[in-house]
Amino acid sequence: MTNHWVDIKNANVVMVMGGNAAEAHPVGFRWAMEAKNNNDATLIVVDPRFTRTASVADIYAPIRSGTDITFLSGVLLYLISNNKINAEYVKHYTNASLLVRDDFSFDDGLFSGYDEQKRQYDKTSWNYQFDENGYAKRDDTLTDPRCVWNLLKEHVSRYTPEMVEHICGTPQADFLKVCEVLASTSAADRTTTFLYALGWTQHTVGAQNIRTMAMIQLLLGNMGMAGGGVNALRGHSNIQGLTDLGLLSTSLPGYLTLPSEKHTDLQTYLTANTPKATLPGQVNYWGNYPKFFVSLMKAFYGDDARKDNNWGFDWLPKWDQAYDVLKYFDMMDRNKVTGYICQGFNPVASFPDKNKIVASLSKLKYLVIIDPLVTETSNFWQNHGEMNDVNPAAIQTEVFRLPSTCFAEEDGSIANSGRWLQWHWKGADAPGEARNDGEILAGIYHQIRQLYRTEGGKGAEPLLKMGWHYEQPDHPESEEVAKENNGYALEDLYDPAGNLLAKKGQLLDSFALLRDDGSTASACWIYTGSWTAKGNQMANRDNADPSGLGNTLGWAWAWPLNRRIIYNRASADPQGKPWDPKRMLIQWNGAKWVGNDIPDYNTAAPGSGVGPFIMQPEGLGRLFAIDKMAEGPFPEHYEPFETPLGTNPLHPNVVSNPAARLYEADAKRMGKRNEFPYVGTTYRLTEHFHTWTKHSRLNAIAQPEQFVEISVALAKSKGIANGDHVKVSSKRGFIRAVAVVTQRLQTLNAGGQEVETVGIPLHWGFEGAARKGYLANTLTPSVGDANSQTPEYKAFLVNIEKA
Ligand SMILES: Nc1nc2c(c(=O)[nH]1)N[C@H]1C(S)=C(S)[C@@H](COP(=O)(O)OP(=O)(O)OC[C@H]3O[C@@H](n4cnc5c(=O)[nH]c(N)nc54)[C@H](O)[C@@H]3O)O[C@H]1N2
Ligand SMILES: Nc1nc2c(c(=O)[nH]1)N[C@H]1C(S)=C(S)[C@@H](COP(=O)(O)OP(=O)(O)OC[C@H]3O[C@@H](n4cnc5c(=O)[nH]c(N)nc54)[C@H](O)[C@@H]3O)O[C@H]1N2
Ligand SMILES: [Mo]
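Residues numbered from 1 in each chain as written. Chains lettered and ligands numbered in written order. Predicted model: local features only at pLDDT ≥ 70, side-chain atom pairs only at ≥ 80, totals over all residues. Heavy atoms only, no water.

Novice: So what's going on with helix H12 (residues 289–301)? Residues and values would help.
Specialist: Helix length check: H12, at 13 residues, gives a terminal C-alpha distance of 18 Å against a target of 18 Å (1.5 Å per residue), a fit within 8%. Those residues of H12 that sit buried are Tyr289, Pro290, Phe292, Phe293, Val294, Ser295, Leu296, Met297, Lys298, Ala299 and Tyr301. Those residues of H12 that are buried are in contact with strand S10 (251–252), strand S11 (256–257), helix H11 (266–273), helix H17 (461–464), helix H18 (478–486) and strand S20 (520–521). The first or second residue beyond H12 is Gly302, which carries a positive phi of 55 degrees. (Helix = DSSP H or I, 4+ residues; strand = E, 2+ residues; numbered from the N terminus. Expected span 1.5 Å × (residues − 1). Buried < 20%, exposed > 50% of the residue type's maximum accessible area, 1.4 Å probe, protein only. Contact = heavy atoms within 4.5 Å.)

Novice: If you had to explain the packing of H11 against H12 to someone new, which residues and values would you point to?
Specialist: Direction vectors running N to C along H11 and H12 enclose 135 degrees, while the axes themselves pass 9 Å from each other. Taken together, the axes of H11 and H12 lie oblique to each other. Considering how the two elements wind past one another, H11 and H12 form a crossing that is right-handed. Contacts from Leu266, Tyr269, Leu270 and Asn273 in H11 reach Tyr289, Pro290 and Phe293 in H12. Looking at the contact of H11 with H12, its residues break down into six nonpolar, one polar and no charged. (Axes fitted to C-alpha atoms, helices over the stretch in contact; angles between N-to-C directions. Parallel < 35°, antiparallel > 145°, perpendicular 65-115°, else oblique. Left-handed = near helix turned anticlockwise from the far one by under 90°. Nonpolar A, V, L, I, M, F, W, Y, C, P; charged D, E, K, R; others polar.)

Novice: Tell me about the sheet that holds strand S2 (residues 42–46), and name the residues and values.
Specialist: With respect to topology, five strands assemble into an open sheet ordered S3-S2-S1-S8-S9, the strand pairing being parallel. The open sheet has two edge strands, strand S3 (59–61) and strand S9 (230–232), and neither has a second partner. For this sheet, the mean angle separating the axes of adjacent strands, direction not counted, is 20 degrees. As paired strands, strand S1 (residues 13–17) and S2 are joined by five bridges and run parallel to one another. Its bridge partner being in S2, Met15 is matched across the sheet by Ile44. Across the sheet, helix H3 (residues 68–81) touches S1, S2 and strand S8 (192–196), and the angle it forms with S1 is around 155 degrees. (Pairing = 2+ DSSP bridges.)

Novice: So, the site of ligand 2: which residues are in play, and what are the values?
Specialist: By nearness alone, 28 residues border ligand 2, and His236, Asn346, Ser350, Asp371 and Asn777 come closest of all. Thr405 places a main-chain nitrogen or oxygen 3.1 Å from an oxygen atom of ligand 2. Taking Asn777, its side chain carries an N or O atom lying 2.6 Å from a nitrogen atom of ligand 2. When its residues are assigned to classes, the shell around ligand 2 shows ten nonpolar, 14 polar and four charged. Shared between two domains, the shell around ligand 2 holds at least three residues of each, these being domain 2 (325–412 + 430–462) and domain 3 (664–802). (Near = heavy atom within 4 Å. Polar contact = N/O pair within 3.5 Å; in protein donor to acceptor, adjacent residues only side chain to side chain. Domains from an automatic or database assignment.)

Novice: Which residues make up the nonpolar core, and what values do they have?
Specialist: Formed by 78 residues in total, the largest nonpolar core has its most connected members in Met15, Phe71, Leu79, Trp149, Leu219 and Leu623. Two domains each provide a minimum of three residues to this core, namely domain 1 (6–235) and domain 3 (664–802). Contact partners of Leu623, with chain neighbours within four places excluded, come to Thr94, Asn95, Ala96, Val148, Trp149, Leu152, Arg211, Met215, Leu218, Leu219, Pro633 and Phe634. Ranked by size, the runner-up nonpolar core spans 40 residues in total, among them Tyr269, Tyr289, Met297 and Phe313. (Core = buried A, V, L, I, M, F, W, Y, C linked by side-chain atoms within 4.5 Å.)

Novice: Give me unusual backbone geometry: which residues, what numbers.
Specialist: Of note, the amide linkage connecting Trp559 to Pro560 takes the cis form, showing an omega dihedral of -5 degrees. A positive phi angle, near 60 degrees, is found at Tyr255, a position not held by glycine. Residue Tyr255 is classed as partly exposed on the basis of its relative accessible area of 35%.

Novice: How would you explain the layout of surface pockets if you had to name every residue and give the values?
Specialist: Size it by volume and the second largest pocket reaches roughly 420 Å³. Lining the second largest pocket are 16 residues, with Lys298, His469, Tyr488, Leu490 and Ala521 sitting closest to its centre. Broken down by secondary-structure element, the contributors of at least two residues to the lining of the second largest pocket are H12, H18 and strand S17 (488–489). In terms of residue count, the dominant contributor to the lining of the second largest pocket is H18 (three residues). (1 Å grid on protein atoms, 1.4 Å probe; cavity = no way out; pocket = protein on both sides within 12 Å on 5 of 7 lines; lining within 4 Å. Points joined across faces, edges and corners; volume = space filled by probe spheres on them.)

Novice: Lay out the packing of aromatic side chains with the relevant residues and their values.
Specialist: Inspection of the entire model under this criterion finds 45 aromatic pairs. Centre to centre, the rings of Phe106 and Phe111 are 4.7 Å apart; their planes meet at 50 degrees, and the pair counts as tilted. Taking the relative accessible area as the measure of exposure, Phe106 reaches 25% and is therefore partly exposed. Ring centres of Phe111 and Trp126 lie 6.2 Å apart, and the angle between their planes is 65 degrees; on these two criteria the pair is classed as edge-to-face. In this pair, Phe111 sits in strand S5 (residues 110–111) while Trp126 sits in the loop between strand S7 (120–121) and helix H5 (148–156), placing the two residues 15 residues apart along the sequence. The residues Phe111 and Trp126 share a single accessibility class, namely buried. Among the aromatic residues, ring-to-ring pairing joins Tyr269, Tyr285, Trp286, Tyr289, Phe292, Phe293, Phe313, Phe511 and Trp525 into one connected group. The ring of Trp420 carries Arg564 above its face, with NZ or CZ at 5.0 Å from the centroid. (Phe/Tyr/Trp six-rings, centres within 6.5 Å; stacked < 30°, edge-to-face > 60°. Lys NZ or Arg CZ within 6 Å of the ring centre and 35° of its normal.)

Novice: Can you tell me about the site of ligand 1, naming the residues and giving the values?
Specialist: Surrounding ligand 1, one finds 32 residues, the nearest of these being Ala24, Asp47, Gly66, Arg684 and His688. Leu685 places a polar main-chain atom, nitrogen or oxygen, 3.1 Å from a nitrogen atom of ligand 1. Contact distances for ligand 1 include 2.9 Å between an oxygen atom and a side-chain N or O atom of Lys794. About the coverage of ligand 1: the protein hides 95% of its 910 Å² of free accessible area. Elements represented by at least two residues in the shell around ligand 1 include exactly helix H1 (21–24), helix H8 (198–201) and strand S26 (678–683). Two domains each provide a minimum of three residues to the shell around ligand 1, namely domain 1 (6–235) and domain 3 (664–802). (Areas by Shrake-Rupley, 256 points an atom, 1.4 Å probe, with all protein chains shown as cover.)

Novice: Pulling in residues and values, what's your account of the sheet that holds strand S13 (residues 366–371)?
Specialist: Strand order across the open sheet formed by three strands is S12-S13-S14, with parallel pairing between neighbours. Edge positions in the open sheet fall to strand S12 (339–343) and strand S14 (398–403), since each of these has one partner strand only. Shown here is a sheet whose adjacent strand axes are inclined to one another by a mean of 10 degrees, direction ignored. As defined by bridge partners, S12 adjoins S13 across five bridges and the pair is classed as parallel.

Novice: Outline helix H7 (residues 172–183), listing residues and values.
Specialist: Look at H7: 16 Å from first C-alpha to last across twelve residues, which is about the 16 Å you get at 1.5 Å a residue. Here H7 has its buried residues at Phe175, Val178, Cys179, Val181, Leu182 and Ala183.

Novice: Which residues make up the side chain of Ser295, and what values do they have?
Specialist: Here Ser295 lies in helix H12. By relative accessible area, which is 0% here, Ser295 ends up buried. At a separation of 2.8 Å, a polar atom in the side chain of Ser295 contacts the side chain of Thr520. Other than its neighbours up to four places away in sequence, Ser295 contacts Leu514, Arg515, Thr520, Ala521 and Ser522.

Novice: I'd like to hear about empty space enclosed by the protein, residue by residue, with values.
Specialist: Scanning all chains against the criterion turns up one cavity of 30 Å³ or more. As for the largest cavity, its lining consists of Val325, Leu326, Phe329, Phe351, Pro352, Lys356, Ile357 and Ser782. Those elements that provide at least two residues to the lining of the largest cavity are helix H13 (325–333) and helix H15 (354–361). By residue number, the principal contributor to the lining of the largest cavity is H13, which donates three residues. Grouping the constituent residues of the lining of the largest cavity by class yields six nonpolar, one polar and one charged.

Novice: With reference to specific residues and values, describe the pairing of strand S16 (residues 420–424).
Specialist: The two faces of a sheet get side chains in turn, since along a regular strand they alternate between them. Taken across its five residues, S16 has four buried, putting it largely inside the fold. Taken together, the four bridges between strand S15 (residues 412–415) and S16 define a ladder with antiparallel strand orientation. Paired with Ala415 across the strands is Leu421, a residue of S16. Between S15 and the antiparallel strand that follows it, S16, lie four residues; Arg419 among them carries a positive phi value of about 70 degrees. With two bridges connecting them, S16 and strand S23 (residues 557–558) associate as antiparallel partners. Across the sheet, Leu421 pairs through a bridge with Trp557, a residue of S23.

So, in structure tokens, the structure goes:
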């Protein structure tokens, strides 16, 4: 979230689209109700299903799964054509006025630079025109035909209300009602907040769904505002911590990038990742990349990271491509993987195409499971009839089970969706032989190092050089790791005038102190300030809220630097006056920035021309995303890979995302609408958490068995009655379930045909206390978003028959 949970109460419009907050985030959803009940906010829900969130909404609009870019681009067109934008904000805070290269183009579903063979774009033309000083050219009058504003207008011109209805199946009247309410927040003193989760991400166009919404927020002037922002409601309680700490295959902590094999030396790597400002005088905060990186290397390798060995750069692994779960299981399927350490994952239940996952695990030599529970993955080799139809005698994979604790059985911090790091304390000791994850990893680490020392081998150095300064080497404490993340001064640090900033050994209180000369260490620069010389800031528990905005700066600690709303400089106009004085976050008092949040921006005075989006080299919000996205600098509608229409009404020649990656083996397992005519979509229920809570009797009683939801019309046409047993199948397999016939699902008219949706909750399996069940992921396809590779769990094709 750019904002945070409590801040939702400040919104005038709460738009829940691509998520079902009342059900999946029932505690946080109270802030949406608070906005509705105490701030007179309008609550809008756009979802293929009439959800529990929809049941308390002021406006509900149905949508065909996988078509949100069309809906949201329609909103962009509405705002532009009806002049419902915050014009001053758009002019000063976005890249609307910047000029785009002449060779950038869009035609018949493809942007310039497409390579059909590689299914990839050469993004060279997706960039600005630069002047002789290397700065982007701009036209503040917005008349140049090559400025972003005019290209955007042209691009979204096709997304008329008629087209929205045609592609999304959303009745025009519903769509226009939503537009009107959103448009009301183009006023400087009104805001919309968008709450989303997997209904947007789990598509082959997932990242572009979110981008389209972010563009709406820029046009409305809602970024950086209290009650505004782009707000991903995250999944597991600490999944924000996972991305913060860089646990993706091409990442390093603090959103740094792991070097790729193209980065053959430190300098090449740093040059590639340290942007130069593209407009004069910008903050361009990623310009500090070398300071964050060198401090990270000092945290990893300690005294062994030295200038003369490039801080240990050669010890880092170099990637050739991302090793996401789709890639990894494709490799396993092709016998390219020997062993798999599976820590806190249940791939048989949670990854797409369960039968492929089981077949892949069967090809391993060994599988290590680190988990507090027995899972479908740890027992993937057992035969459970139709639910897991395998021959145990034919599977040679050796399975090791290492029982772990769960979060409540250890101290530590959890980073919530709002970037708050909240320290928690252990509730009880773990039962039996369970050890915590740090202890288990430490054990493996010491054993492997010992083997390397005695036997030698390839790639030993990165492990042997690693720093390990824990009081009990077999049991690193959460407190020690947290301080390591925060970072220390390794020498006395002075400012240029010779004043002492931090003493050697001192915990740092800001990442502004990090250096690229080896005199500082920090394992995650955005966490610097979370545990300072004053103590553990994450344990702060003062909920005083003098402004009434809910920023509670004394409660826990938010990255970066305890700032609660990022980009909050954009909450004030170019002169430093808040757009909305009633919800002032920061303002210029003539000498400095002051206010109700930590200013995102304390160096530049108003009028200096420094843009508020300080992480961008142009300092501006991007309506045109120059070189980041895999499938284009503007969002475009592409059909799900398994499309119920069989075509793309906008460009039949390019139906689905041309840059999404699809492996050969998976392409053969994709279905067509003649055989599988209905849209399948998977989702959660409040009564269960993934496949964990089926181990708990009370949850199992609350939702005992697999059911699927269908519309009254589909039930009638298939002769299915409420409570009947049905078989739901896709190209990849089938499940059995109880049918729930409900008005909550409607027949949609899209692409000139009737589209039916089969709703499939995902919580059952063949382990646990609940009735034994089929795994919903037996049905889902192994194809993912072109940027994040998140699988297309929310839109695929199925058939349904009475069993
Ligand atoms: N009780 C409970 N809470 C949970 C979880 C749990 O298992 N149980 N899991 C947690 C996790 S890990 C996560 S990531 C979050 C997920 O939180 P959510 O994303 O809110 O949960 P889902 O139920 O997967 O899907 C949300 C909604 O997206 C809708 N949807 C599907 N396709 C589309 C589409 O194309 N467009 C639009 N606009 N909507 C669509 C679905 O109908 C569904 O209502 O929940 C977390 N909270
Ligand atoms: N069809 C479909 N599939 C989906 C989704 C969907 O919407 N539709 N949602 C996807 C999403 S958003 C997510 S996040 C994934 C989740 O996918 P997974 O992460 O694979 O699933 P979980 O069941 O949440 O967690 C895996 C295991 O972690 C264990 N665990 C809990 N605490 C600890 C701990 O402290 N240490 C260790 N070592 N283990 C622990 C649990 O017991 C559990 O067995 O599923 C994805 N799969
Ligand atoms: Mo998730």
